[in-house]
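Geometric and topological summary
One letter stands for each residue in the lines below.
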Amino acid sequence: MNSSNAKNKLDKQRLDFVRFWVEYIRKMSSDIWSKQQKELIDAMIKSANQNLKEYLRVKMIAKKIAKKLRDEKRAH
Amino acid sequence: MFPIRITSDIIGLNSKHIDYSKKHLSILDEFAIDIASVINKFFSYAIVGGYVSILFGRSRGTEDIDFIIRPRNALENAIIYLFEEIEKYNFWSINCSNAVYALRECIPSKIRIRLARKNMVIPNAELKIAESKLDYESIEKRLKITINKNRQLYIGPLELNIAYKFYLGSQKDIEDAVHLFCLFKEIINKNAIQNYVSQLGLKVNINEFLKC
């Protein structure tokens, strides 16, 4: 990754939201923001597919793809 | 410089210890704290990767929590005791069924042991045995996080976490890096990030991204 490539592919609006959210966390008590975060994360986990075979299969495929991409990047 | 108040809930007590009050702990936080207390009996560890940002409020979830581990004594014994202990605390390994299999098959093949609560797959803890220089540095320079006065987690140095996110380079990873940097800007050493970035073989000027 070099700076110009990375800059081109990044979604600036999403990064701006991250900055906005950090400012929110810095200003507000965790009583307020961590309640929102907990609701988001707990809902994600509660609705997650807990199928072991499928989970490990996806992980294995993702690992292979990531390795291939890294090798290609190194080759260039 | 220390102690330094980062937010109303986060105080840097010194360069290696953060005091953190988090009113509402998610299922992921509870899992991380519980599994870390078991791992900590037999391994020095540092949590790295996306969960570090999530612990500190990033608005996203994750399926797995990355641990870099170093056995406190012989690796074989540490693994045997770990598997005995996870059983006691109602965890299981989703990919390496027992200690013997972990030692004979998983570890030699560099398959990372994944631990989850019994009858669950997600969330899980992915254990990487330290092997590279930066893995060892993650543990040696780890930060202790005291959560709500009586619970603990250790995380890898913030600067290395941020640099590694640049190495991974996806949108999500850069967002994690920006989140950590902007939250901890008062105590983060930008030169250390740039140094780690170089060690990871990247030609990135971090100043282009690390703006709050």
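Values in this document were obtained by computation on a predicted structure and should not be read as measured data.

Observations concerning the state of the cysteines
Residues and elements named next belong to chain B. Tallied over the entire structure, the rule returns 2 disulfides over all chains. Covalently, C96 is tied to C106 through a disulfide, its sulfur atoms 2.1 Å apart. Handedness here is read from the sign of the S-S torsion; for C96 and C106, about -120°, the answer is left-handed. Taken together, the residues C96 in the loop between β6 (91–93) and α4 (99–106) and C106 in helix α4 connect sequence positions 10 residues apart. Judged by relative accessible area, which is 1%, C106 ranks as buried. In this model, C182 is linked to C212 through a disulfide, with the two sulfur atoms separated by 2.3 Å. Classification of the bridge connecting C182 and C212 rests on its S-S torsion, roughly -100°, and on that basis the disulfide is left-handed.

What about the domain arrangement of chain B?
How big an interface is tends to be reported as the loss of accessible area on association of its parts. All names here are of chain B. What the domain assignment reports for chain B is domain 1 (23–156) and domain 2 (158–212). Inter-centroid distance (C-alpha atoms) of domain 1 to domain 2 is 23 Å. The interface of domain 1 with domain 2 comprises 18 residues on the first partner and 14 residues on the second. A buried area of about 1,300 Å², summed over both sides, lies between domain 1 and domain 2, and 55% of it is on carbon and sulfur atoms. When residues of domain 1 are sorted by the area they lose upon contact with domain 2, F56, R58 and L134 head the list and together hold 43% of the total. Between the two partners, domain 1 and domain 2, sit 3 salt bridges. Linking R60 and D176 is a salt bridge whose minimum nitrogen-to-oxygen distance equals 2.6 Å. Put simply, domain 1 and domain 2 have 12 residue pairs in polar contact (both at pLDDT 80 or more) between them. Listing elements by their share of the side of domain 1 that touches domain 2, those giving two or more residues are β4 (43–48), α2 (50–55) and α5 (133–140).

A word on the pairing of strand β9 (residues 143–147) of chain B
All names here are of chain B. Taken across its 5 residues, β9 has 4 buried, putting it largely inside the fold. In this structure, strand β3 (residues 17–20) lies alongside β9, joined through 4 bridges in parallel fashion. Along β9, the bridge assignment pairs I18 with I145. In this sheet, strand β10 (residues 151–155) lies alongside β9 in antiparallel orientation, the contact comprising 5 bridges. Bridge assignment links I145 to a residue of β10, and that residue is L153. Between β9 and β10, which pair antiparallel and follow one another directly, the connecting turn spans 3 residues, one of which, N148, has a positive phi of 50°.

Observations concerning the environment of R19 of chain A
Tracing the backbone through its elements, the reader meets R19 of chain A in helix α2 (residues 12–27). Classification of R19 of chain A as buried rests on a relative accessible area of 18%. Note: C-alpha distance between R19 of chain A and K67 of chain A (48 residues apart in sequence) is 31 Å. Ignoring sequence-local partners within four residues, the contact set of R19 of chain A consists of V178, C182, F209, K211 and C212 of chain B.

Observations regarding the confidence of the model for chain B
The predicted model of chain B averages 97 in pLDDT, with 100% of residues at 70 or higher. As a predicted assembly, this complex carries a pTM of 0.94 together with an ipTM value of 0.92.

Topic: a nonpolar patch on the surface
Together, I61, I65 and L69 of chain A make up an exposed nonpolar region whose accessible area comes to about 270 Å². Among the structural elements, L69 of chain A can be located in helix α4 (residues 52–75).

Rules behind the numbers
Residues numbered from 1 in each chain as written. Chains lettered and ligands numbered in written order. Predicted model: local features only at pLDDT ≥ 70, side-chain atom pairs only at ≥ 80, totals over all residues. Heavy atoms only, no water. Disulfide = S-S within 2.5 Å. Helix = DSSP H or I, 4+ residues; strand = E, 2+ residues; numbered from the N terminus. Buried < 20%, exposed > 50% of the residue type's maximum accessible area, 1.4 Å probe, protein only. Domains from an automatic or database assignment. Contact = heavy atoms within 4.5 Å. Buried area = accessible area lost by both parts, 1.4 Å probe. Salt bridge = Lys/Arg side-chain N within 4 Å of Asp/Glu carboxyl O. Polar contact = N/O pair within 3.5 Å; in protein donor to acceptor, adjacent residues only side chain to side chain. Pairing = 2+ DSSP bridges. pLDDT = per-residue confidence, 0-100. Patch = residues over 30% accessible without salt bridge, like charges linked within 9 Å, V, L, I, M, F, W, Y side chains within 5 Å. Areas by Shrake-Rupley, 256 points an atom, 1.4 Å probe, with all protein chains shown as cover.

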